[in-house]
Each structure stands twice: as C-alpha cells, then as structure tokens.
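Listed here are the chains, written in short residue letters.
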Amino acid sequence: MGGVTVHLQKLSVGSESIQTLADWQDHVVARRQQQGLSAHHVHVTRMFPKRKEDLLEGGSIYWVIKGNILCRNRIVALDETTKNGHRACAILMDPELIPVLPVPRRAFQGWRYLQVGDAPADLTGAENGADLPAAFRAKLIQLGAW
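Just so it is clear, the model here is predicted, and its values are computed rather than measured. (Residues numbered from 1 in each chain as written. Predicted model: local features only at pLDDT ≥ 70, side-chain atom pairs only at ≥ 80, totals over all residues. Heavy atoms only, no water.)

## Digging into the overall build of the protein chain
Tallying secondary structure elements over the protein chain gives three helices and seven strands in all. If you list the helices and strands of the protein chain from N to C, you get β-α-β-α-β-β-β-β-β-α. For the protein chain, buried positions account for 40% of its 146 residues. Of the contacts formed within the protein chain by residues at least 6 apart in sequence, a portion of 65% connects residues at least 24 apart. For the protein chain, the exposed area adds up to about 8400 Å²; of that, 53% sits on carbon and sulfur atoms. (Helix = DSSP H or I, 4+ residues; strand = E, 2+ residues; numbered from the N terminus. Buried < 20%, exposed > 50% of the residue type's maximum accessible area, 1.4 Å probe, protein only. Contact = heavy atoms within 4.5 Å. Areas by Shrake-Rupley, 256 points an atom, 1.4 Å probe, with all protein chains shown as cover.)

If you want it as structure tokens, here you go:
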C-alpha cells in the first residue's frame with residue numbers, strides 16, 4: 001500500500017438521523033448474513049472510485065444527513081459488481097457507525113472525495129458533546145447552534 005488516505009462523502013437519502021441510518025444499515029447487514037455474505041454494510045454505486053488504494057488506506061464514508069456530515073463508516077473493500085446490468089462498485093463498510101462533529105454540506109449527486117484534512121473529527125468525549133443525547137445534538141444542529 002503506502003498511498004495517501006482519502007475518504008468519501010455521500011448523502012444518506014431518506015435518513016432523518018444517525019439512528020435511522022443505523023437501522024437501515026442493520027437491515028442490510030442482516031439481509032447479507034441471511035444470504036451467507038459477510039456482516040458488512042454495502043453501498044452499490046455506479047461510479048468506481050479511481051483512488052481505490054487511497055480509500056483502502058483507512059478511508060471512510062462520511063454520511064451527510066439533513067445537510068450535515070454526522071457520522072462515518074470505515075471502508076473495508078471495494079468490489080466490482082453489476083447494478084441494472086451495468087458495471088458498478090460495491091463499497092463494503094464496517095457496520096459500526098461512528099458519530100463525528102457535525103459539518104454543514106450542501107446537497108450533491110453521487111459521492112465526492114473528502115481529503116483527510118477536511119474530514120470532521122470523531123465525536124468522542126464530553127468536550128465534544130459525545131455524552132449528549134442524540135436528539136439533543138440533532139436539535140442543536142437544526143437550530144444552527146452546533
């Protein structure tokens with residue numbers, strides 16, 4: 001390996017909160033396990049990232065929910081697959097969702113690269129509000145107070 005780590009950012013369409021995204025991901029993982037597949041969350045995208053090696057150097061998908069990056073999943077593999085008869089990329093992720101310090105993002109199509117220096121820090125410790133209830137954090141974000 002030896003590349004430069006890079007991340008992806010992606011809109012979580014339909015998610016209302018980190019919890020609703022987690023619920024969906026749990027559903028996907030359970031369905032994969034019933035099919036005899038690995039216990040990873042998977043997202044299939046039409047475009048195959050050109051920076052595959054850099055993403056596999058510790059990259060994550062940072063999820064945009066309601067206009068803010070709120071959490072991430074660590075990327076564990078990028079596999080070629082098909083979707084609707086066309087070449088596609090299956091992004092396999094560790095199923096653990098890691099909350100991050102909220103960062104506003106405008107809507108965009110597909111996914112975008114996110115450089116390590118631009119990625120929000122993980123939400124850990126009381127000083128970052130990790131001990132606040134998720135609903136309270138969500139309200140602070142909604143009010144623009146975070």
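## Describing helix 1 (residues 18-34)
The terminal C-alpha atoms of helix 1 lie 24 Å apart, and with 17 residues this matches the ideal 24 Å at 1.5 Å per residue to within 8%. Buried within helix 1 we find L21, A22, Q25, V28, V29 and R32. Along the long axis of helix 1, the arc covered by the buried residues comes to 125 degrees, so they all point the same way. For helix 1, the exposed residues lying more than 90 degrees away from the buried face are Q19 and Q34. Where helix 1 is buried, its residues contact strand 2 (41-45), strand 3 (60-65), strand 4 (68-83) and strand 5 (86-93). G36 sits one or two positions beyond helix 1 and adopts a positive phi of about 80 degrees. (Expected span 1.5 Å × (residues − 1). Arc of directions from axis to C-beta.)

## Looking at the nonpolar core
Within the largest apolar cluster, 18 residues are counted, with the highest numbers of intra-cluster contacts made by L8, I61, W63, I75, L78 and I91. Elements with a minimum of two residues in this core: strand 1 (6-11), helix 1, strand 3, strand 4 and strand 5. In terms of residue count, strand 4 provides more of this core than any other element does, four residues in total. Counting residues in hydrophobic clusters, the runner-up holds eight residues, among them L11, V64, I69 and F108. (Core = buried A, V, L, I, M, F, W, Y, C linked by side-chain atoms within 4.5 Å.)

## Some words on the pairing of strand 3
Burial runs high along strand 3: six of the six residues are buried. Going residue by residue along strand 3, you find S60, Y62 and V64 tucked away on one face and I61, W63 and I65 tucked away on the opposite face as well. Pairing of strand 1 with strand 3 involves four bridges; the strand directions are parallel. Bridged to L8 within strand 3 is I61. (Pairing = 2+ DSSP bridges.)

## Examining the side chain of D54
Residue position: D54 is located in helix 2 (residues 52-55). Of the polar contacts made by the side chain of D54, one reaches the backbone nitrogen of V4; its length is 3.3 Å. (Polar contact = N/O pair within 3.5 Å; in protein donor to acceptor, adjacent residues only side chain to side chain.)

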